[in-house]
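# Close look at the chain arrangement
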Amino acid sequence: MERLTFDLAAQPLRELNTFLHTGAKEGKVGHVTVLNPDGAHNIAVGLDCPIDVEVVGHAGYYAGGMNKAATVTITGSAGTGVAENMMSGKVHVKGFASNGAGASAHGGLLVIEGDAGLRCGISLKGGNIVVGGSVGSFSAFMAQAGRMVICGDAGDALGDSLYEAVLYVKGEVKSLGADAQYEEMSAEDIAAVASLLDQAGLDHDPKAFKRIASKRSLYHWNADANQEY
Amino acid sequence: METKPVQFKNLSREESYGFDRKTLDYIRNAAAHGLYEIRGMGAKRKLPNFDDLVFLGASMSRYPLEGYREKCLTKTVLGTRFAKKPIELDIPITIAGMSFGALSANVKEALGLAATEMGTSTTTGDGGMTQEERRSSRTLIYQCLPSRYGFNPDDLRKADAIEVVIGQGAKPGGGGMLLGQKVNPRVAKMRTLPEGVDQRSACRHPDWTGPDDLAIKIQELREITDWEKPIYVKVGATRTFNDVKLAVHSGADVVVVDGMQGGTAATQTCFIEHVGIPTLAAVRQAVNALEDLDMKGKVQLIVSGGIRTGADVAKALAMGADAVAIGQGVLVALGCNGETYFQNGGHHDAIADYNALGTTPGFCHHCHTGKCPVGITTQDAILEQRLSPAVGAKHLKNYLKTLNMELTTIARACGKQNVHHLEPEDLVALTIEAAAMAGVPLAGTNWIPGRGF
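Within each chain, residue numbers correspond to sequence positions counted from 1 in written order. Whichever chain is written first is A, and whichever ligand is written first is 1; the rest continue in order. Whole-chain, interface and lining totals are the exception, using all residues; otherwise, since this is a predicted model, local features are given only for residues with pLDDT of at least 70 and side-chain atom pairs are given and counted only at 80 or more.

### Examining the overall build of chain A
Elements are defined by DSSP. Helices are runs of H or I of four residues or more, strands are runs of E of two residues or more, and each kind is numbered from the N terminus. Counting its secondary structure elements, chain A contains two helices and 11 strands. For chain A, the N- to C-terminal ordering of α and β elements is β-α-β-β-β-β-β-β-β-β-β-α-β. We compute the radius of gyration from the C-alpha atoms alone; for a globule the expected value is 2.2 Å times N to the 0.38, where N is the number of residues. Relative to the globule expectation of 17 Å for 229 residues, the C-alpha radius of gyration of chain A, 18 Å, shows essentially globular dimensions. Referenced to the eigenvectors of the C-alpha coordinate spread, the extents of chain A come out at roughly 60 × 35 × 25 Å. Exposed residues have 12 or fewer other C-beta atoms within 10 Å of their own C-beta, buried residues have 20 or more, and partly exposed residues fall in between, where C-beta atoms are placed from the backbone. Expressed as a percentage of the 229 residues in chain A, the buried residues total 56%. Contact definition: two residues whose C-beta atoms, as placed from backbone geometry, lie within 7 Å. In chain A, the share of contacts with a sequence separation of at least 24, taken over all contacts with a separation of at least 6, comes to 25%.

As structure tokens, this is what we get:
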């Protein structure tokens, strides 16, 4: 497989994304290196084939957005909405991620080795997220399906208005959001956490995680709930 | 013998203006349930609207066109600012975004069939794109909503344009709502939700906040689709002057402004009736914003919210809209609030089903229950059979055709060879309120309230 390099200091982003949408699909190039990203937004968005993209440095908003099948690695940190609405494949951030990481992801795996900002995994729809560090407040807000593994701590209102997504946290949770509750870790949970940690390449004891899921008490309108949601 | 004067009887039965029977019902309902009322459709109260404007047809000072023979163009192009492939429509009347979930799959298909025959577009909704509507609709606008239910890059690439929905006229500031009765297995799967859940969607997008972020989000959507597709930004009408300016700043090709008469499949009544501004006021503000930025004609404006007739369309265009979008009018054309439905070659009485909902044809707003007596706003396997795609499409096509004929009739009478040549100067207002909101003179005067004498 051929390797190709795009230098964003010399080539416009449009050229990179166009290649990734068209030329990359011919299957000759297996690996693309992106140099000098310099925080540019929308790097490697809308990929639709199994190609490896390595962004050497920091990415701006929506890096790897709506990814399908591809593996996107960011050696630095990522801005808002990294891997938003991912369908499949993998996005791996070696540094930190800003707000809304993995928002509404339907599938695939998002790995953030460092910390993630606010609303990590918001509206998650089936994707998996592993965060090596901590996550900010309102993470997993209204998360519908999929799993989040948080190796550090979580901020306020974790898992507010959760649907069927499941969260695993190793560290401290500042507060749970409305309708989220701690549950027993089953053997299945431990296996799931172990597998996700393994895929993320992170070394933690899966038994040290707590499980958080929905109480399902907000699934239906209820006058007696006193608007506590 | 003691007699009471007749007037006393009337006085003793005087209805309170503030505490009228409707308000008494409202209070009793609140007391009984401890929950606000949720319903479908749009604002029911009397609002200044397009009926408060009239056209100044050509006479001595203007030259009319022959109503039946002379050409009057209706072609409409949307999304010319950045998109490589702008949307080209035969008529300036489009179908507003309504979800599969709110509407049955049959209805979505009917919309697509009729729109395709008439050369116009349909729009998805808060539930993703169904294959039925993609197949049936030649020009399909794909919404990107806060909930992102069913949102995916494949459908994004299949769409002809993308509409980023910030808000909706019936509920600016609120998210979508779909009560459990309508969350059947197919709807649940498309939205990744448990079956039967009372779905309350997010009111803010998950991955951006504010216009500067939106500019980057729009760039992302353009990058994903290789700058081919027009990007619309839809706002519910509130601070329309500023919102339209910010939408343009964010890079929209087309701005959709939805006034408070716009419909919904389910929202709190207090929201529908008390949040947002009338469409009439919103159009003026939107056009002013575009003119202020010198973007009139560069960024197109679609107006929606209570558009019913060809005259409404003509007035919206004259005020400066490039096209309109219709939701509720379309549903009525399909049979909404009708006394009968058409199935197996014959009409069937639906009144008992309306009565079971506590209503009667002409007043029904029970879209939220999923028990639509005429099979439109339902996910029920039996009810949805009451509207077949072919029959629905035929009626909708007739409706759109009528609107377009009315539109061109008025345009010709005003001496325009192209409906887009209608202008504010062709309009006057019948009420001071409408004159002030629409920014056209009160009929018979030169007076536009707020602009001095």
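### Brief notes about the overall build of chain B
Of regular secondary structure, chain B possesses 15 helices and 18 strands. The C-alpha atoms of chain B give 23 Å as radius of gyration, which agrees with the globular expectation for 453 residues (22 Å, within 12%). The principal-axis extents of the C-alpha atoms in chain B amount to approximately 80 × 60 × 50 Å. In chain B, the share of contacts with a sequence separation of at least 24, taken over all contacts with a separation of at least 6, comes to 67%.

### A word on the sheet that holds strand S9 (residues 166-169) of chain A
All names here are of chain A. A pair of strands counts as paired when DSSP detects no fewer than two bridges linking them. Judged by pairing direction, the sheet is mixed, and its 11 strands sit side by side in the order S1-S2-S3-S4-S5-S6-S7-S8-S9-S11-S10 without closing on themselves. Two strands in the sheet have a free side with no partner beyond their single neighbour: strand S1 (2-7) and strand S10 (180-183). Each strand axis lies, on average, 15° off the axis of its neighbour in the sheet, ignoring direction. Where strand S7 (residues 125-131) lies against strand S8 (residues 145-150), five bridges are found, and the strand directions are parallel. Note that in S8 the partner of valine 131 across the bridge is isoleucine 150. Helix axes are fitted to C-alpha atoms over the stretch in contact, other axes to C-alpha atoms as well, and angles between N-to-C directions run from 0 to 180 degrees.

### So, the sheet that holds strand S8 (residues 161-165) of chain B
Residue and element names in this part refer to chain B. Read across the sheet, eight strands follow the order S5-S15-S14-S12-S11-S8-S7-S6 without closing on themselves; strand pairing throughout is parallel. Because the sheet does not close on itself, it has two edges, and the strands there are strand S5 (93-95) and strand S6 (121-123). Here the average twist between neighbouring strands, direction ignored, is 25°. Two elements, strand S11 (residues 231-236) and strand S12 (residues 254-258), share five bridges in a ladder whose sense is parallel. Directly across from tyrosine 232, in S12, lies its bridge partner valine 254. With respect to the sheet, helix H3 (residues 105-118) is in contact with S5 and S6, its orientation differing from that of S6 by roughly 155°.

### Thoughts on the interface of chain B and chain A
Contacts between chain B and chain A engage 25 residues on the former and 36 residues on the latter. Among the elements that make up the side of chain B that touches chain A, the one with the highest residue count is helix H7 (residues 210-224) of chain B (six residues). Note that Gly is not counted as nonpolar here; it falls among the polar residues with everything else outside the nonpolar set of Ala, Val, Leu, Ile, Met, Phe, Trp, Tyr, Cys and Pro and the charged set of Asp, Glu, Lys and Arg. Residues that form the side of chain B that touches chain A fall into these classes: 11 nonpolar, seven polar and seven charged.

### A closer look at the nonpolar core
Val255, Val257 and Val324 of chain B are the most contacted members of the largest nonpolar core, which has 208 residues in total. Note that domain bounds follow an automatic or database assignment of domains. No fewer than three residues from each of domain 1 (1-78) and domain 2 (99-216) of chain A sit in this core. With residues near it in sequence (within four places) discarded, valine 257 of chain B still touches Val235, Ala237, Thr240, Val244, Ala282, Val283, Ala286, Leu301 and Val303 of chain B. We define the nonpolar core as any set of buried residues of the types Ala, Val, Leu, Ile, Met, Phe, Trp, Tyr and Cys, connected via C-beta atoms lying within 7 Å of each other.

### Some remarks on the pairing of S11 of chain B
Residue and element names in this part refer to chain B. Most of S11 is tucked away: six of the six residues are buried. Pairing geometry for S8 and S11, over four bridges, is parallel. Across the sheet, isoleucine 162 pairs through a bridge with isoleucine 231, a residue of S11. By convention a crossover is right-handed if, when the strands point away from the viewer, the path from the first strand over the helix to the second runs clockwise. Handedness of the crossover is the feature at issue here: the chain leaves S11, passes through helix H8 (residues 240-249), returns alongside S12, and the resulting connection is right-handed.

### Observations concerning helix H11 (residues 310-319) of chain B
Residue and element names in this part refer to chain B. In terms of burial, H11 is a largely internal element, nine of the 10 residues being buried. Taken as a whole, H11 has its buried residues at Gly310, Asp312, Val313, Ala314, Lys315, Ala316, Leu317, Ala318 and Met319. Immediately beyond the C-terminal end of H11, within one or two residues, lies glycine 320, with a positive phi of roughly 125°.

### Observations concerning the domain arrangement of chain A
For chain A, the domain assignment lists domain 1 (1-78) and domain 2 (99-216). Averaged C-alpha coordinates put domain 1 of chain A and domain 2 of chain A at centres separated by 27 Å.

### Section: helix H2 (residues 21-33) of chain B
Residues and elements named next belong to chain B. The span one expects for a helix is its residue count, reduced by one, times 1.5 Å. The terminal C-alpha atoms of H2 lie 18 Å apart, and with 13 residues this matches the ideal 18 Å at 1.5 Å per residue to within 8%. Little of H2 is tucked away: zero of the 13 residues are buried. Count one or two residues on from H2 and you reach glycine 34, which has phi positive near 65°.

### Re the packing of H3 of chain B against helix H14 (residues 389-413) of chain B
Residues and elements named next belong to chain B. The interhelical angle for the contact between H3 and H14, taken along N-to-C directions, is 45°, at an axis separation of 8 Å. As judged from the angle between their axes, H3 and H14 are oblique. As H3 packs across H14, the resulting crossing turns out to be right-handed. Every residue of H14 that contacts H3 at Asn106, Val107, Glu109, Ala110, Leu111, Leu113, Ala114, Glu117 and Met118 is listed here: Pro389, Gly392, Ala393, Leu396, Lys397, Leu400 and Lys401. Along the lines of polarity and charge, the residues of the contact of H3 with H14 split into 10 nonpolar, two polar and four charged. In these notes the angle categories are as follows: under 35 degrees is roughly parallel, over 145 is roughly antiparallel, 65 to 115 is roughly perpendicular, and the rest is oblique. Left-handed describes a crossing whose near helix is turned anticlockwise from the far helix through less than a right angle; right-handed describes the clockwise counterpart.

### Side note on the confidence of the model for chain B
The pLDDT value expresses, per residue, how confident the predictor is, ranging between 0 and 100. Looking at chain B, pLDDT values average 95 and 98% of them are 70 or higher. In the predicted complex, the global pTM is 0.96; the interface-specific ipTM is 0.96.

### Quick look at the packing of H8 of chain B against helix H10 (residues 279-292) of chain B
Residue and element names in this part refer to chain B. Where H8 contacts H10, the axes come no closer than 8 Å and their chain directions differ by 45°. Between H8 and H10, the crossing angle belongs to the class labelled oblique. As for the relative orientation of H8 and H10, their crossing is right-handed in sense. Residues Thr240, Phe241, Val244 and Lys245 of H8 touch H10, and the partners they reach there are Ala282, Gln285, Ala286, Asn288, Ala289 and Leu290. In the contact of H8 with H10, the residues fall into six nonpolar, three polar and one charged.

### Some points on unusual backbone geometry
Across residues other than glycine, the phi torsion is negative in most instances, and most of the peptide bonds are trans. All names here are of chain A. Of note, the phi angle at asparagine 42 is positive, near 60°, even though the residue is not glycine. In this structure, methionine 66 is a non-glycine residue whose phi angle is positive, near 55°. Relative to the helices and strands, methionine 66 resides in the loop between strand S3 (52-55) and strand S4 (71-74).

### Topic: the pairing of S7 of chain A
Residue and element names in this part refer to chain A. Within S7, seven of the seven residues are buried, which leaves it mostly tucked inside the rest of the structure. Across four bridges, the pairing between strand S6 (residues 109-112) and S7 is parallel. In the sheet register, leucine 110 faces S7, and the bridge partner there is isoleucine 129.

### Considering the environment of alanine 63 of chain A
All names here are of chain A. Relative to the helices and strands, alanine 63 is located in the loop between S3 and S4. The spacing of alanine 63 and aspartate 189 is 126 residues in sequence and 30 Å in space, taken between C-alpha atoms. Look past the residues within four positions of alanine 63 in its chain and what remains in contact with it is Ile43, Ala44, Val55, Val72, Ile74, Ala78, Gly79 and Val82.

### Focus: the environment of alanine 59 of chain A
All names here are of chain A. With respect to the helices and strands, the residue alanine 59 is situated in the loop between S3 and S4. Along the chain, alanine 59 and glycine 46 lie 13 residues apart, while their C-alpha atoms are 15 Å from each other. Setting aside residues no more than four positions away along its own chain, alanine 59 makes contact with Pro37, Gly39, Ala40, Ile43, Ile74, Ala78 and Gly79.

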